Amino acid sequence: MKHAITKIIFFFCLYLALTSNHSFGQCTWSTALVDGFEYQTACPYLVPGTTIHTVPQIFSVHSGTYSLYLNFVNCTPPTGTCAGAKVFERPFVVCPNMPLRFSTWLTTSFSGNQCNVQIKISDANGTVLNNQTNIPAPYSPAWVQYQSGIVVPITDTIYFTMYTNAGGGNGNDLSMDDFLMEKCMGGENSTTSGSVCANVPSANLYNLISIVNDTTGTWSGPGPISGGYQGTFIPGVSLPGNYVYTNAPYGTGIGCPLAYDSLQVTLLPAPVVNLGNDTTICLNQSLLLNAAAGTGNTYLWNNGVTGPTVLAFTSSMVTVTNNYTVNVTNTNGCISTDSIAVTFQICSGISESSNENSFYIFPNPSSGNFQINVPAQLNATRTYKIFNSLGAIVQKGVINDATSKQLIKLDNSGVYWLQIETNNSVSALKKLVIY
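A short tour of the structure in this document, coming up.

1. What to know about the overall build of the protein chain
When you go through the protein chain residue by residue, the secondary structure sums to one helix and 28 strands. Looking at the protein chain as a whole, 41% of its 435 residues qualify as buried. Working note: accessible area of the protein chain is about 22100 Å², and carbon and sulfur atoms make up 54% of it.

2. Here we look at the sheet that holds strand 8 (residues 157–164)
The strand order across the open sheet formed by four strands is 3-8-5-6, and the pairing between neighbours is antiparallel. With partners counted over all chains shown, the strands left at the sheet margins are strand 3 (86–93) and strand 6 (128–136), one partner each. Taken over all neighbouring pairs, the strand axes of this sheet differ in orientation by 10° on average, direction set aside. As judged from the seven bridges shared by strand 5 (residues 116–123) and strand 8, these two strands associate in the antiparallel manner. Its bridge partner being in strand 8, Ile121 is matched across the sheet by Phe160.

3. A word on the sheet that holds strand 14 (residues 241–247)
If you walk across this open sheet you meet the four strands as 10-15-14-12, and the pairing is mixed. At either end of the open sheet lies a strand with only one pairing partner, and these are strand 10 (191–197) and strand 12 (218–220). Neighbour-to-neighbour, the strand axes of this sheet turn through a mean angle of 30°, independent of strand direction. Pairing geometry for strand 12 and strand 14, over three bridges, is antiparallel. Following the sheet pairing, Ser220 is matched in strand 14 by Val244.

4. Let's talk about the state of the cysteines
A covalent bond between the sulfur atoms of two cysteines is what we call a disulfide. Across all of its chains, the model carries four disulfides by this definition. For Cys95, the disulfide goes to Cys256, at an S-S distance of 2.0 Å. With the S-S bond torsion at 105°, the cross-link from Cys95 to Cys256 turns out right-handed. Residue Cys95 is found in the loop between strand 3 and strand 4 (100–108), and its partner Cys256 is found in the loop between strand 14 and strand 15 (259–268); the two are separated by 161 residues along the sequence. Each member of the pair Cys95 and Cys256 is classed as buried. Each sulfur of the disulfide joining Cys282 and Cys347 lies 2.1 Å from the other. Linking Cys282 and Cys347, the disulfide has an S-S dihedral of approximately -100° and is accordingly described as left-handed. Within this pair, whereas Cys282 is found in strand 16 (residues 279–282), its partner Cys347 is found in the loop between strand 21 (335–345) and strand 22 (360–362), the two being separated by 65 residues in sequence. Residue Cys282 shares its accessibility class with Cys347, and that shared class is buried.

5. So, the pattern of salt bridges
In the structure shown here, the tally under the stated rule is three salt bridges. Glu89 is the salt-bridge partner of Lys86, the closest N and O atoms lying 3.5 Å from each other. Classification of Glu89 by relative accessible area gives partly exposed; the value is 28%.

6. Quick word on the environment of Gln57
Note that Gln57 resides in the loop between strand 1 (29–35) and strand 2 (68–71). Distance from Gln57 to Tyr39, taken between C-alpha atoms, is 9.2 Å for residues 18 residues apart in sequence. Here Val55 takes part through its backbone oxygen, which lies 2.9 Å from a polar atom of the side chain of Gln57.

7. Quick word on the side chain of Asn71
Within the secondary structure, Asn71 sits in strand 2. Contact partners of Asn71, with chain neighbours within four places excluded, come to Thr50, Thr51, Ile52, His53 and Asp173.

8. What to know about the packing of aromatic side chains
Under the counting rule described, the total for this entry stands at 17 aromatic pairs. Both rings, one in Phe313 and one in Trp417, keep their centres 4.9 Å apart while their planes meet at 50°; by these two values the pair is tilted. With Phe313 in the loop between strand 19 (309–312) and strand 20 (320–329) and Trp417 in strand 27 (residues 414–422), this residue pair connects regions lying 104 residues apart in the sequence. An aromatic cluster of at least three residues, connected via ring pairs, comprises Tyr45, Phe88, Phe92, Phe102, Tyr146, Phe160 and Phe179. Cation over ring: Arg90 sits above Phe179, and NZ or CZ is 5.8 Å from the ring centre. The aromatic ring of Trp29 is capped on one face by Arg101, whose charged end is 4.2 Å from the ring centroid.

9. Brief notes about the nonpolar core
Among the nonpolar cores identified, the biggest contains 28 residues, and Phe88, Phe102, Leu106, Phe160, Met162 and Leu174 are the most heavily contacted of them. When residues of this core are traced back to their parent elements, those giving at least two are strand 2, strand 3, strand 4, strand 5, strand 8 and strand 9 (173–184). If we skip the residues at most four places from it in the chain, Phe102 touches Phe92, Ile121, Tyr146, Gln147, Ser148, Gly149, Val151, Ile158, Phe160, Phe179, Leu180 and Met181. Residues Val310, Tyr324, Val342 and Ala392 belong to the second largest nonpolar core, which totals 18 residues.

10. Some remarks on the pairing of strand 19
The two faces of the sheet receive side chains in turn, since in a regular strand these alternate between them. Of the two faces of strand 19, the one carrying Thr309 and Leu311 and the one carrying Val310 and Ala312 are both buried. In the sheet, strand 17 (residues 287–290) pairs with strand 19 via four bridges, with the strands oriented antiparallel. Paired with Leu289 across the strands is Val310, a residue of strand 19.

Basis of the calculations
- Residues numbered from 1 in each chain as written.
- Predicted model: local features only at pLDDT ≥ 70, side-chain atom pairs only at ≥ 80, totals over all residues.
- Heavy atoms only, no water.
- Helix = DSSP H or I, 4+ residues; strand = E, 2+ residues; numbered from the N terminus.
- Buried < 20%, exposed > 50% of the residue type's maximum accessible area, 1.4 Å probe, protein only.
- Areas by Shrake-Rupley, 256 points an atom, 1.4 Å probe, with all protein chains shown as cover.
- Pairing = 2+ DSSP bridges.
- Axes fitted to C-alpha atoms, helices over the stretch in contact; angles between N-to-C directions.
- Disulfide = S-S within 2.5 Å.
- Salt bridge = Lys/Arg side-chain N within 4 Å of Asp/Glu carboxyl O.
- Polar contact = N/O pair within 3.5 Å; in protein donor to acceptor, adjacent residues only side chain to side chain.
- Contact = heavy atoms within 4.5 Å.
- Phe/Tyr/Trp six-rings, centres within 6.5 Å; stacked < 30°, edge-to-face > 60°.
- Lys NZ or Arg CZ within 6 Å of the ring centre and 35° of its normal.
- Core = buried A, V, L, I, M, F, W, Y, C linked by side-chain atoms within 4.5 Å.

What is shown is where atoms sit, not what they do.
Structure, rendered in structure tokens:
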């Protein structure tokens, strides 16, 4: 049981460490206060009666001319500055929930007992935010830097408190210099850019500023924006340009800063797709649908085809309507969609092709090897395309000699369609069956 509890504590501490690093990974640390003790008036944060000197001295200095000198009063119980005595306490008015961190430099000013202190940071509720119980200060001229790590107060006042672990007497003089408090500005005053596809109904600009988590702000910019903090941008109504999200990421309390996050918005062109109007053809006819080629475009049809063209046809013996839809994505990531309904109906007296007897295929069905025989009188440039059952092109080529026998080989069984074109005009459509 004891080992189980130890494991639970370990993983809980690991969780806190990981979540802390994640939460403050976006911090932009800004100096909130620097105190180099470069003055000759009494320091009001020294606890009365614990030190002989209250004015910064020149005995040991980290930078500048002066440092705070804590010459502890000799410990003669029950009087004097004995181990555990509070010697320094400084309050700060802060912004609740804003991460902070503190640092300062410490040294034992002269020979004698080495100074050793405890530094605690707590809020107005008495909650301890950080506590380092044993900080030995090396002998001057060596210095050690105390660093608090990140603390997050939930009150608007916190206290930086120092205790001595060694009572006064026989030296034990401490110098402190270059006191620093920093605040985490999070995503404040960020500058980024975002793109909106020109064909979308709207886009929320808030989603383009990934490091901002405040939802109480307002947008301003060159064009009208709706949707409150979401910043709804409508292409054709809102204008591209620089938009600013003004918000209070840590609330509106005293000392809490406003953030001004700038977003440069650009409009991206979308691919142009036009499959044409809904149409009606005969059952034994086909229609080549073309989603318009574009460099770098990708395609996805509702039947799974991933090329720019699909052959619309049917094996039905009764009137039927097939719907075809394609999504075209360009290199910008913009998507355009178009659909067409093709109705196949019974057309009395119309053959499979106006030139169905101009060539023949043998054998059909076959195991995958076909021969196209073309009569000599069709003295024209001919091309062929073979489509699978989805309408996607699986093979194409040119029939160069009007008297030749074109050999075609297909590997997979199924039903295919062979389309012959003469001088860019479809002259015949034949079904191929592979067993």
